[in-house]
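Below are the chains, spelled out letter by letter.
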Amino acid sequence: MTPRAADRARYDRATAGLDAPLAVVDLEAFDANADDLVRRAGGKPVRVASKSLRCRALLERALARPGFAGVMSFTLEESLWLARAGFGDVLLAYPSADRAGFAELTADPELARSVTVTVDDPAQLDLVEAARGDGREEVRVCLELDTSLRLLGGRVRIGALRSPLREPAEVAELARSVARRPGFRLVGLMGYEGHVAGVGDAVEDRPVRSRAVRLMQSAARRELAGRRAAVVAAVRAVAPDLEFVNGGGTGSVQYTAAEDAVTEVAAGSGLYVPRLFDHYTSFSGRPAALFAQPVVRRPGVGVVTVLGGGYPASGAAGRDRLPVPYLPEGLRYDPMEGPGEVQTPLLGSAADDLLIGDKVWFRHAKAGELCERFDRLHLVEGDRVAAVVPTYRGEGRTFL
């Protein structure tokens, strides 16, 4: 029996009394992935990206492990919710225009102590100030650095379109703007190098592209390390008590952690290891999060149809954004239909061994987006369900 076949047998036994569709997290794989992230971080704390988990119980599980500290959140509403639930260090990593949320933040001492907001433009500070109302609490501020790689005199740009702040002088100027404003305190700097952390460098059947990606990422790491160090020095000249410098992502943890200027790294997807992480040379993890769909039809030889399954991930549309049938091995989509809204035909010899009601296990393309489809996660230990915990959706929270 192959390791994947053994996993299928475990998951089927654990959920034998449960009807699909359902989602599971394999706790042994989750914990092994957590240990690997800590190892790669080389002694620097790992801040957990909440959008990659979208489950409070699993955020708590990760943060209970040595080597993890703090949450990286994705909306202000979520940040306030987590802070009220007892998460004491929440970095909102994306600028917000949530005026009601800022009014709450500035009126509550505990929320103001627990939540840090990210900005990259003075207009964002203006919005916070205008939303204060009677709130007088000091707002903790983090600046975001543009990490993109620029080539050919800036005519070629590789990286996410995020912050406009690129050079040390630009970031330092915004740092001075924060320092001049009563009611704000600059505590952090962050930069997410998605072109390094979020792009696979071992694309199946694409050796030339894979080599090009590796060359790009090597150049990007060198350029960013030097520029980030200069930016941090410039910001510390304005704010000597800067508490943290955050960087990285699951795919670049060990490289980012090696930079002296960085004090912590961010990661979250590496705990679930969705299918987009199958094409990295920098690390390998164990798939921990899966979902099952039930077989509901047998249209013919070598074909079964499962209920639902059309759960594409965000990002530029393409085949790499689709979930993949994972267990049993040997199933594939019908190219004329793909994964469907209410039913999905699957082809392959493995289909002939499946009966009506059997489960087919899938892996989502991205991590936390799976939890937007399911209101609970079945936590599997060995061949049993050890606990059932709500996702954000299961707690009635859909932040985006």
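For the structure, check the block above.
Keep in mind it's a predicted model, so treat the numbers as computed, not measured.

Novice: Whenever I open this one, the nonpolar core confuses me. Can you help?
Specialist: Core analysis: the biggest nonpolar cluster contains 87 residues, and Leu58, Val141, Leu143, Tyr272 and Leu377 have the highest contact counts within it. Ranked by residue count, the leading element in this core is helix α2 (residues 27-41), at 6 residues. Non-local contacts of Leu58, meaning those with residues more than four positions away in its chain, are made with Val25, Leu27, Phe30, Leu53, Tyr272, Leu377 and Leu379. Judged by nonpolar contacts, the second largest core, of 11 residues, contains Ala14, Val24, Leu290 and Ala292.

Novice: Just checking my understanding: could you explain empty space enclosed by the protein for this structure?
Specialist: By rolling a water-sized probe across the atoms, one finds the places where empty space is left. Scanning all chains against the criterion turns up 3 cavities of 30 Å³ or more. The space that makes up the largest cavity amounts to roughly 50 Å³. Every residue along the wall of the largest cavity is listed here: Leu92, Tyr94, Pro95, Ser96, Phe102, Val117, Thr118, Val119, Gln124 and Val128. Elements with a minimum of two residues in the lining of the largest cavity: β5 (115-119) and α7 (122-131). Per-element accounting of the lining of the largest cavity gives the leading share, 3 residues, to β5. Of the residues belonging to the lining of the largest cavity, the class tally is 7 nonpolar, 3 polar and no charged. Its volume calculated, the second largest cavity comes out at about 50 Å³. Around the second largest cavity, the lining residues are Tyr272, Val273, Pro274, Ala289, Arg363, His364, Lys366, Ala367 and Leu370.

Novice: Help me out: how do you make sense of the sheet that holds β5 in this one?
Specialist: The parallel closed barrel is built from 8 strands, whose spatial order is β2-β3-β4-β5-β6-β9-β10-β11. The mean angle between the axes of side-by-side strands here comes to 30°, regardless of whether they run parallel or antiparallel. Where α2 meets the sheet, its contacts fall on β2 (46-49), β3 (68-73) and β11 (264-267), and the angle it forms with β3 comes to roughly 100°.

Novice: Would you take a moment to explain the side chain of Arg47 for this structure?
Specialist: Secondary-structure assignment places Arg47 in strand β2. Only 3.1 Å separates the side chain of Arg47 from the backbone oxygen of Val71, close enough to count as a polar contact.

Novice: How should the packing of helix α8 (residues 168-180) against helix α10 (residues 207-238) be read in this particular structure?
Specialist: How two helices pack is summed up by the angle between their axes together with the distance between the axes. For the pair α8 and α10, interaxial distance at closest approach is 9 Å and the crossing angle is 25°. As the angle between them shows, α8 and α10 are arranged roughly parallel. Two packed elements cross with a definite hand, and for α8 against α10 that hand is right-handed. Contacts between α8 and α10 involve Pro168, Val171, Ala172, Ala175, Arg176 and Ala179 from the first element and Ala230, Val231, Ala234, Val235 and Val238 from the second. Grouping the constituent residues of the contact of α8 with α10 by class yields 10 nonpolar, no polar and 1 charged.

Novice: Would you mind showing me how to read the pattern of salt bridges here?
Specialist: Once the charged atoms of two side chains with opposite charge are near each other, the side chains can pair. What the rule picks out here adds up to 38 salt bridges. Between Arg157 and Asp146 there is a salt bridge, and its shortest N-O distance comes to 3.1 Å. Of this pair, Arg157 sits in strand β8 (residues 156-158) while Asp146 sits in the loop between β6 (139-144) and β7 (149-151), and the two are 11 residues apart along the sequence. Residue Arg157 is classed as partly exposed on the basis of its relative accessible area of 29%.

Definitions and limits used
Residues numbered from 1 in each chain as written. Predicted model: local features only at pLDDT ≥ 70, side-chain atom pairs only at ≥ 80, totals over all residues. Heavy atoms only, no water. Core = buried A, V, L, I, M, F, W, Y, C linked by side-chain atoms within 4.5 Å. Buried < 20%, exposed > 50% of the residue type's maximum accessible area, 1.4 Å probe, protein only. Helix = DSSP H or I, 4+ residues; strand = E, 2+ residues; numbered from the N terminus. Contact = heavy atoms within 4.5 Å. 1 Å grid on protein atoms, 1.4 Å probe; cavity = no way out; pocket = protein on both sides within 12 Å on 5 of 7 lines; lining within 4 Å. Points joined across faces, edges and corners; volume = space filled by probe spheres on them. Nonpolar A, V, L, I, M, F, W, Y, C, P; charged D, E, K, R; others polar. Pairing = 2+ DSSP bridges. Axes fitted to C-alpha atoms, helices over the stretch in contact; angles between N-to-C directions. Polar contact = N/O pair within 3.5 Å; in protein donor to acceptor, adjacent residues only side chain to side chain. Parallel < 35°, antiparallel > 145°, perpendicular 65-115°, else oblique. Left-handed = near helix turned anticlockwise from the far one by under 90°. Salt bridge = Lys/Arg side-chain N within 4 Å of Asp/Glu carboxyl O.

Geometry only, nothing functional implied.
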